[in-house]
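# Reading the structure
These are the residues of each chain, in order.
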Amino acid sequence: MTQRTSAQGDAETGRLWLVRWTEEYSGDFTRVCQDPEAMCFISGGGPLPVDVIGSILRRTLAMWDEYGYGPWAALDKQTGRWVGRIGLNLLADWPGPDKWEVGYELAPEYWGRGLATEGAREAIRFGWQHTPLTRIISATAAGHHASRRVMEKCGLAFQAEMTFRGAQIAWYAIDRPAGRSQGFQVRSRPRRRR
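Residues numbered from 1 in each chain as written. Predicted model: local features only at pLDDT ≥ 70, side-chain atom pairs only at ≥ 80, totals over all residues. Heavy atoms only, no water.

### As for the packing of aromatic side chains
- In the structure shown here, the tally under the stated rule is 11 aromatic pairs.
- With 6.4 Å between their ring centres and 75 degrees between their planes, Trp21 and Trp82 make a pair best called edge-to-face. Of this pair, Trp21 sits in the loop between strand S2 (16-20) and helix H1 (26-33) while Trp82 is found in strand S4 (residues 82-90), placing the two residues 61 residues apart along the sequence. For the residue pair Trp21 and Trp82, the accessibility class agrees, reading buried in each case.
- Ring plane angle 45 degrees and centroid distance 6.2 Å describe the contact between Tyr67 and Tyr69, whose orientation is recorded as tilted.
- Exposure remark for Tyr69: the relative accessible area of 5% places this residue in the buried category.
- Among the aromatic residues, ring-to-ring pairing joins Tyr67, Tyr69, Trp72, Trp100 and Phe126 into one connected group.
- One residue, Lys77, lies across the ring of Trp17, its end atom 4.9 Å from the ring centre. (Phe/Tyr/Trp six-rings, centres within 6.5 Å; stacked < 30°, edge-to-face > 60°. Helix = DSSP H or I, 4+ residues; strand = E, 2+ residues; numbered from the N terminus. Buried < 20%, exposed > 50% of the residue type's maximum accessible area, 1.4 Å probe, protein only. Lys NZ or Arg CZ within 6 Å of the ring centre and 35° of its normal.)

Okay, structure coming up:
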């Protein structure tokens, strides 16, 4: 894969290109969502139904269209291979007032390398610099200790355990640092009528 030129909303870390999500990455994401190991803490190890995967993908594209940001496709800088889906994700059904989470779903072959932490830290930085968000949350299965460690390494603080979407989850949050102005530039674009 060739090196990508920077476009609005793209970012990079030492090892990752974080690029706007497009349909080009749907097959890779579907593969992860149907992998029993990857779905262990999401669906108990069962593959996600195709209609659920399709709904996630449509919402991801809609976030980019409506807000000008959303989950990125994370690409390995050395190989250009798809690593996963990392970034800011709107949880519209979240029960609290702060509905934007930093999320990360990586292909299992990339687990244990610090890439989720690297990408999530960049997503939080991006959130403070380019969005009006004052708080970013993150949620995971209560027993998903690796995911919880990523949240803690990114500076998110444990808030509570609760039931969400029928599962016991732990959620974390980080507030915009004091004195950090909201120097964001949100794309002004009319909302689509639905």
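Continuing now.
### Structural notes on the environment of Phe126
- Following the sequence through the fold, Phe126 ends up in helix H3 (residues 115-130).
- Along the primary structure Phe126 and Tyr69 are separated by 57 residues, whereas in three dimensions their C-alpha atoms are 9.5 Å apart.
- Ignoring any residue separated from it by four or fewer positions in sequence, one finds Phe126 in contact with Gly9, Tyr69, Trp72, Leu88 and Thr131. (Contact = heavy atoms within 4.5 Å.)

### Here we look at the confidence of the model for the protein chain
- Counting all residues, the mean pLDDT for the protein chain is 88, and 88% of those residues have values of 70 or more.
- Segment residues 1-7: pLDDT under 50, and 10 contacts once partners within four positions in sequence are set aside and those in other chains are kept.
- Low pLDDT (under 50) marks residues 184-194, which in the prediction has 21 contacts with non-local residues, meaning those over four places away or in another chain. (pLDDT = per-residue confidence, 0-100.)

### Details of H1
- Looking only at H1, the buried set comprises Ser26, Phe29, Val32 and Cys33. For H1, the arc enclosing every buried residue in end-on projection is 125 degrees, short of the 170-degree limit, so these residues lie on one face.
- Here the buried face of H1 lies against helix H2 (50-67), S4 and strand S5 (100-106). (Arc of directions from axis to C-beta.)

### Some points on the packing of H1 against H2
- Viewed as axis vectors pointing N to C, H1 and H2 meet at an angle of 135 degrees, and their least axial separation amounts to 11 Å. Considering the angle they form, H1 stands oblique to H2. Here the hand of the crossing between H1 and H2 comes out right-handed. Of the residues in H2, those touching H1 at Ser26, Phe29, Thr30 and Cys33 are Ile53, Ile56 and Leu57. (Axes fitted to C-alpha atoms, helices over the stretch in contact; angles between N-to-C directions. Parallel < 35°, antiparallel > 145°, perpendicular 65-115°, else oblique. Left-handed = near helix turned anticlockwise from the far one by under 90°.)

### Some points on the environment of Gly155
- You can see Gly155 is positioned in the loop between helix H4 (145-153) and strand S7 (157-164).
- Each C-alpha atom of the pair Gly155 and Tyr172 lies 9.3 Å from the other, and the pair is 17 residues apart in sequence.
- Not counting the four nearest positions on each side in its chain, Gly155 is found in contact with Ala173 and Ile174.

### Some thoughts on the pairing of strand S8 (residues 167-175)
- Here strand S6 (residues 135-141) pairs with S8 via seven bridges, running antiparallel. Residue pairing for S8: Ala141 is matched across the bridge by Ile169. (Pairing = 2+ DSSP bridges.)

### Some remarks on the side chain of Ser147
- Tracing the sequence through the fold places Ser147 in helix H4.
- Excluding anything up to four places from it in sequence, Ser147 contacts Tyr104 and Thr140.

### Points about unusual backbone geometry
- Although it is not a glycine, Arg165 sits at a positive phi angle of roughly 55 degrees.
- As for its placement among the helices and strands, Arg165 is situated in the loop between S7 and S8.
- Overall, Arg165 belongs to the exposed group, its relative accessible area being 55%.

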